[in-house]
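For reference, the chains in residue letters:
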Amino acid sequence: MAAALRIQSDWSLALSRDEGEAWLSCRSPGKPTLYGSVTRRGLSSQGTPDIAASEGFLVQQVTKKSILISCPHENVSTKFLAPYTTFSRIHQKSITCLDISSGGGLGVSTSTDGTMKIWQAANGEIRRLLEGHVYDVNCCRFFPSGLVVLSGGMDAQLKVWSAEDASCAVTFKGHKGGILDTAIVDRGRNVLSCSRDGTARLWDCGKSSCLDVLADCGSPINGIAVGTADDSLNLGMPEKPPSEREIGTEGKMLLLAREDKKLQGVGLQSRQPVFLFVGSDAFNCCTFLSSTYILAGTQDGNIYQLDVRNTNSPIQVIHRSGAPVLSLLPYRDGFIASQGN
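Note that the structure is a prediction, hence the values are computed from the model and not measured.

Student: Help me get a handle on the overall build of the protein chain, residues and values and all.
Tutor: Looking only at helices and strands, one finds one helix and 29 strands in the protein chain. Taking 341 residues into account, the globule formula puts the C-alpha radius of gyration at 20 Å, and the protein chain, at 22 Å, falls close to it. Put simply, the protein chain has 341 residues, and 47% of those count as buried. Per element, the accessible surface of the protein chain, about 17100 Å² overall, is 47% carbon and sulfur.

Written as structure tokens, this is what we have:
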């Protein structure tokens, strides 16, 4: 595994102040972490920030929007980029969830300030305030159309909203505890949710009804993901014929990231267990990298990569820090992870 060079604080401080400082660290598996800092000393003759690094690190290139820093001892380098843009007026407190529409024009986000808002992705202009949940809203996502939003809250309600006029078209009730995550099946005639009550449910948007309880784990389910399973995987057979209202569930597997340290795979149409993997701590999130490979993150900072055809042992376990892994997203040939540090 390659060494990792990271910056410990918001390095834009070093660009925006006459004298700014940011901490650096370079971590290589099995070796002590190297620590250092970068400091701004004013402007260079070319008008770019004059940045100096402490011993063990080299500043190789500086522009108004990036800093390229290397750690010669580990033979690694990283380019740190300034934000393309920053929207500071959408929410007043921490953002808990966000999504961007398929066309890229709109964003939706929830916050610990108790609000859920739709905004222009280009300039952060607030377009809609989505009001109707009681207590905190935990999760939000756009349907593939980009015109509809799905949300879940601590009030145990799942809601479907119009992004055009902020009306709530559907409210699903049935969970006995706060909803922690959602997923959308294909184009969205069916949606999925998981809850603190330990269940995962399949819903019919057209009839505003619960089609089935897919799993009852006896432990909170913190995250879910749905994806097409590898053809060689046995997803099991349903005990009864699926409802005609159930659309697009065949050949798919549902991942459950559970509080009781278990990652579970369930045949979406069959409702049958496919695998059960025990990790080091509570699982917070999960995602599909492909029909074969999946990722899941734990409270103690581990990211597990598994092959769904054989989950007896992980392909690899990535551990950058002990901070909780809060979300995972496939990106190009790899993935993006967010942690609680």
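Here the narrative resumes.
Student: Please provide a residue-by-residue account of the sheet that holds strand 20 (residues 221-228), values included.
Tutor: The strand order across the open sheet formed by four strands is 20-21-22-23, and the pairing between neighbours is antiparallel. Lying at the two open borders of the sheet, with one neighbouring strand each, are strand 20 and strand 23 (273-278). Strand-to-strand twist across the sheet, computed as the mean angle between neighbouring axes with direction ignored, equals 15 degrees. Pairing of strand 22 (residues 262-267) with strand 23, which is carried by five bridges, proceeds in the antiparallel orientation. Bridging from a neighbouring strand, Gly-265 pairs with Phe-275 of strand 23.

Student: Outline the environment of Val-149, supporting the account with residue identities and numerical values.
Tutor: The topology assignment puts Val-149 in strand 13 (residues 148-153). Sequence separation between Val-149 and Leu-329 is 180 residues, and the spatial gap between their C-alpha atoms is 19 Å. Beyond its immediate stretch of four places on either side in the chain, Val-149 contacts Val-108, Ile-118, Leu-130, Arg-141, Phe-142, Phe-143, Lys-159, Val-160 and Trp-161.

Student: Which residues make up a nonpolar patch on the surface, and what values go with them?
Tutor: On the surface, Ile-95, Leu-98 and Ile-100 cluster together to form a nonpolar patch covering roughly 260 Å² of accessible area. For Leu-98, the position within the fold is in strand 8 (residues 95-100). Of the residues examined, Leu-98 reaches a relative accessible area of 49% and is grouped as partly exposed.

Student: Before we move on, could you go through unusual backbone geometry and cite the residues and values that matter?
Tutor: Here Ala-156, not a glycine, exhibits a phi torsion of approximately 65 degrees, which is positive. With respect to the element layout, Ala-156 can be found in the loop between strand 13 and strand 14 (157-162).

Student: Account for the UniProt feature "repeat: WD" (unreviewed entry) in the protein chain, naming residues and giving values.
Tutor: Within this numbering scheme, the UniProt entry marks residues 88-129, 130-171 and 172-204 as carrying the feature "repeat: WD" (unreviewed entry). Helix and strand shares over residues 88-129 are 0% and 50% respectively, and the end C-alpha atoms of the span are 16 Å apart. Annotation note: span residues 172-204, helix share 0%, strand share 64%, distance between end C-alpha atoms 9 Å.

Student: Explain the state of the cysteines to me, using residue names and the numbers behind them.
Tutor: In this structure the tally under the stated criterion is zero disulfides. In this model Cys-26 remains outside any disulfide bridge; the closest cysteine sulfur is found in Cys-71, 3.7 Å from its own. Judged by relative accessible area, which is 1%, Cys-26 ranks as buried. Unpaired in terms of disulfides, Cys-168 finds its nearest cysteine sulfur in Cys-205, a separation of 11 Å.

Student: Could you give an account of the side chain of Thr-199, naming the residues involved and the relevant values?
Tutor: When you line up the elements, Thr-199 lands in strand 18 (residues 199-204). In terms of polar contacts, Thr-199 uses its side chain to reach the side chain of His-175, at 3.2 Å. When residues no more than four places from it in sequence are discounted, the contact partners of Thr-199 are His-175, Ser-193, Cys-194, Val-213, Ala-215, Asp-216 and Ile-221.

Definitions and limits used
- Residues numbered from 1 in each chain as written.
- Predicted model: local features only at pLDDT ≥ 70, side-chain atom pairs only at ≥ 80, totals over all residues.
- Heavy atoms only, no water.
- Helix = DSSP H or I, 4+ residues; strand = E, 2+ residues; numbered from the N terminus.
- Rg over C-alpha atoms; globule rule 2.2 N^0.38 Å.
- Buried < 20%, exposed > 50% of the residue type's maximum accessible area, 1.4 Å probe, protein only.
- Areas by Shrake-Rupley, 256 points an atom, 1.4 Å probe, with all protein chains shown as cover.
- Pairing = 2+ DSSP bridges.
- Axes fitted to C-alpha atoms, helices over the stretch in contact; angles between N-to-C directions.
- Contact = heavy atoms within 4.5 Å.
- Patch = residues over 30% accessible without salt bridge, like charges linked within 9 Å, V, L, I, M, F, W, Y side chains within 5 Å.
- Salt bridge = Lys/Arg side-chain N within 4 Å of Asp/Glu carboxyl O.
- UniProt positions renumbered as here; feature names shortened; annotations may be inferred.
- Disulfide = S-S within 2.5 Å.
- Polar contact = N/O pair within 3.5 Å; in protein donor to acceptor, adjacent residues only side chain to side chain.

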